[in-house]
Amino acid sequence: MGKYFTFLAAKIILGASMSYPLVSLAFSRVAYTTRRHMQNNNFRRFSTIEPFAVDLDTNGETLASSFNPVGPPDFLSAITVGESIRSHGKNITRLSSSPDIFLLKDLIPEEDRMILMLAAQVQGMKVAGTKQSGENTVRKNSYLTWIDPFSIVTADEGSDWRDAPLVARNTIFKSRSCFAHDVMNDSMNNAEIGICFAEDLQVAKYDKDGRFDYHHDGYSRYLTVLSYLNGVGGTYFPFGGMKDELEGIDFTNENEVSVLSFKRRLEKCGILIVGEEGSDAYLQSAFMKPKQVVQIQAGDAIAFYNYMPGGEKDLRLLHCSLPVPKEKWITTAWFRSDALTGPFASFKKAQLFESFYGGAQ
């Protein structure tokens with residue numbers, strides 16, 4: 001029993017995924033207690049971020065209104081579309097500003113990519129969950145598994161995949177170091193799981209013609225870092241890079257957002273990510289006319305932010321994996337925040353702003 005609690009404590013301290021039922025319950029209890037405390041003690045001041053800003057001076061009010069912990073860190077927010085910056089030894093380029101989408105070169109080195117793919121196969125991959133919609137399915141020919149970054153591998157000393165948990169841990173850490181807001185990184189460093197945490201690393205494989213139709217990552221996953229393990233792309237963001245064309249659409253309202261109607265009224269739209277397979281296999285479709293085609297290589301990653309500053313789903317981040325012409329491998333690091341994406345997001349956001357920036361009492 002003592003070993004179990006030591007193991008559990010290690011996962012919490014190091015910001016690992018907490019997807020098991022027992023720990024998920026703990027998260028829920030912590031988040032609920034935090035929210036209830038904020039409701040009871042801060043309702044009058046923190047019912048929204050705007051009243052909170054009234055307590056600050058002019059500079060503080062501007063800072064409060066722009067504070068977005070579920071968005072990019074400040075150094076990434078400052079760069080324009082097409083501009084690049086070095087961070088943690090990696091080159092990051094902004095692909096879109098509305099919504100925020102970034103490309104990071106060479107996140108996962110070749111040896112680590114091989115380890116993740118081998119570990120996924122040895123561990124066993126299950127058919128990706130499918131949602132029925134008439135006779136169509138949202139997913140086809142796709143398989144996935146999860147790699148616990150703190151599991152203990154009992155393979156032989158010479159196994160080629162025994163380091164998979166370490167690789168997963170490093171991938172998650174590099175992902176959040178590059179793309180999570182400073183507030184969220186501090187929270188994960190301090191094991192403040194009521195604010196945010198990382199899931200286990202998901203590894204997915206698509207066979208030829210495998211696909212995943214339009215979807216939003218959801219489930220309080222405010223940040224997605226998707227890495228291409230074998231250099232095959234096929235990810236499409238229909239609203240990516242379309243800032244001016246998106247005016248007048250409420251992207252928090254599912255009834256107002258239609259990918260099909262949006263594409264019908266524009267000659268070209270969205271961002272298409274392609275790899276070694278090239279773009280021809282995708283552009284043959286009459287409905288695939290992207291405004292921008294981005295070339296990736298094996299080991300590269302894209303990052304995007306799935307929620308609005310107020311905690312609502314940002315439906316501009318609807319995306320899909322197009323039917324691929326050859327086998328495709330990806331891995332995804334998801335970062336979740338129930339507190340900042342739920343109905344009481346404004347309470348927690350105001351509290352975080354005050355603690356992080358030293359707001360006035």
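Residues numbered from 1 in each chain as written. Predicted model: local features only at pLDDT ≥ 70, side-chain atom pairs only at ≥ 80, totals over all residues. Heavy atoms only, no water.

1. Brief notes about the packing of helix α6 (residues 110-123) against helix α7 (residues 164-179)
Okay, so step 1: For the pair α6 and α7, the least separation of the axes is 9 Å and the interaxial angle reads 120°. Our classification of the angle between α6 and α7 gives oblique. When the axes of α6 and α7 are compared, the crossing they make is left-handed. For the pair formed by α6 and α7, the contact residues are D112, I115, L116 and A119 on the first element and A164, V167 and A168 on the second. (Axes fitted to C-alpha atoms, helices over the stretch in contact; angles between N-to-C directions. Helix = DSSP H or I, 4+ residues; strand = E, 2+ residues; numbered from the N terminus. Parallel < 35°, antiparallel > 145°, perpendicular 65-115°, else oblique. Left-handed = near helix turned anticlockwise from the far one by under 90°. Contact = heavy atoms within 4.5 Å.)

2. Concerning the packing of aromatic side chains
Okay, so step 1: Taken as a whole, this structure holds 8 aromatic pairs when the rule is applied.
Okay, so step 2: Geometrically, the ring pair formed by F344 and F347 is stacked, given 5.7 Å between the ring centres and 25° between the ring planes.
Okay, so step 3: You can call F344 partly exposed: its relative accessible area is 24%.
Okay, so step 4: Assessed through its relative accessible area of 6%, F347 is described here as buried.
Okay, so step 5: Each residue in the set F102, F179 and Y305 is aromatic and connected to the rest through ring pairs, giving one cluster.
Okay, so step 6: Here the guanidinium or amino end of R139 rests over the ring plane of F212, the centre of that ring lying 3.9 Å away.
Okay, so step 7: The residue whose ring lies beneath R169 is F150, and the NZ or CZ to ring-centre distance is 5.0 Å. (Phe/Tyr/Trp six-rings, centres within 6.5 Å; stacked < 30°, edge-to-face > 60°. Buried < 20%, exposed > 50% of the residue type's maximum accessible area, 1.4 Å probe, protein only. Lys NZ or Arg CZ within 6 Å of the ring centre and 35° of its normal.)

3. Overview of the environment of K243
Okay, so step 1: Structurally, K243 is set in the loop between β11 (235-237) and α9 (259-264).
Okay, so step 2: As for K243 and S96, which are separated by 147 residues in sequence, their C-alpha atoms are 8.2 Å apart.
Okay, so step 3: When sequence neighbours within four positions are dropped, the list of residues in contact with K243 reads S97 and S98.

4. Looking at the pairing of strand β3 (residues 100-104)
Okay, so step 1: With 4 of 5 residues buried, β3 lies mostly within the body of the structure.
Okay, so step 2: Across 5 bridges, the pairing between strand β2 (residues 90-97) and β3 is antiparallel. Each residue of the ladder has a partner; that of R94, found in β3, is F102.
Okay, so step 3: Counting the residues that bridge the hairpin from β2 to β3 gives 2 residues.
Okay, so step 4: Both β3 and strand β14 (residues 301-305) contribute to a ladder of 4 bridges, which runs antiparallel. If you follow I101 over to β14, its bridge partner there is F304. (Pairing = 2+ DSSP bridges.)

5. Remarks on the layout of surface pockets
Okay, so step 1: By volume, the second largest pocket amounts to about 230 Å³.
Okay, so step 2: What lines the second largest pocket is a set of 14 residues, and nearest its centre among them are S66, N68, P72, D74 and S77.
Okay, so step 3: Put simply, the parts of the chain that give the lining of the second largest pocket at least two residues each are α4 (58-66) and α5 (74-77).
Okay, so step 4: At 3 residues, α4 tops the list of elements feeding residues into the lining of the second largest pocket. (1 Å grid on protein atoms, 1.4 Å probe; cavity = no way out; pocket = protein on both sides within 12 Å on 5 of 7 lines; lining within 4 Å. Points joined across faces, edges and corners; volume = space filled by probe spheres on them.)

6. What about the nonpolar core?
Okay, so step 1: With 44 residues, the main nonpolar core has F179, M184, Y222, L223, V225 and F335 as its most contacted residues.
Okay, so step 2: Filtering out sequence-adjacent residues up to four positions away, M184 remains in contact with P69, V70, I195, C196, Y222, S337 and L340. (Core = buried A, V, L, I, M, F, W, Y, C linked by side-chain atoms within 4.5 Å.)

7. Comments concerning the environment of V225
Okay, so step 1: Mapping V225 onto the fold places it in strand β10 (residues 221-228).
Okay, so step 2: The exposure class assigned to V225 is buried, which follows from its relative accessible area of 1%.
Okay, so step 3: For the pair V225 and A333, spaced 108 residues apart in the sequence, the C-alpha separation amounts to 5.2 Å.
Okay, so step 4: What V225 contacts, discounting residues up to four positions off in sequence, is L107, S175, F179, A301, I302, A303, T331, T332, A333 and F335.

8. A look at the confidence of the model for the protein chain
Okay, so step 1: Of all residues in the protein chain, 78% attain a pLDDT of 70 or more, and the chain-wide mean is 81.
Okay, so step 2: Segment residues 1-60: pLDDT under 50, and 82 contacts once partners within four positions in sequence are set aside and those in other chains are kept. (pLDDT = per-residue confidence, 0-100.)

9. Quick notes on the side chain of D300
Okay, so step 1: The topology assignment puts D300 in the loop between β13 (292-295) and β14.
Okay, so step 2: Since its relative accessible area comes to 2%, D300 is described here as buried.
Okay, so step 3: At 2.8 Å, the side chain of D300 forms a polar contact with the backbone nitrogen of D106.
Okay, so step 4: A polar contact of 2.8 Å, which involves the side chain of D300, links it to the backbone nitrogen of Q297. (Polar contact = N/O pair within 3.5 Å; in protein donor to acceptor, adjacent residues only side chain to side chain.)

10. Quick look at the pattern of salt bridges
Okay, so step 1: Counting across every chain of the model gives 11 salt bridges.
Okay, so step 2: With its nearest N and O atoms 3.5 Å apart, the salt bridge here joins D207 to K205.
Okay, so step 3: The exposure class assigned to D207 is partly exposed, which follows from its relative accessible area of 24%.
Okay, so step 4: The salt bridge involving R211 is made with D213; its shortest N-O contact spans 3.0 Å.
Okay, so step 5: Through salt bridges with shared partners, a single ionic network connects E199, R221, R336 and D338. (Salt bridge = Lys/Arg side-chain N within 4 Å of Asp/Glu carboxyl O.)

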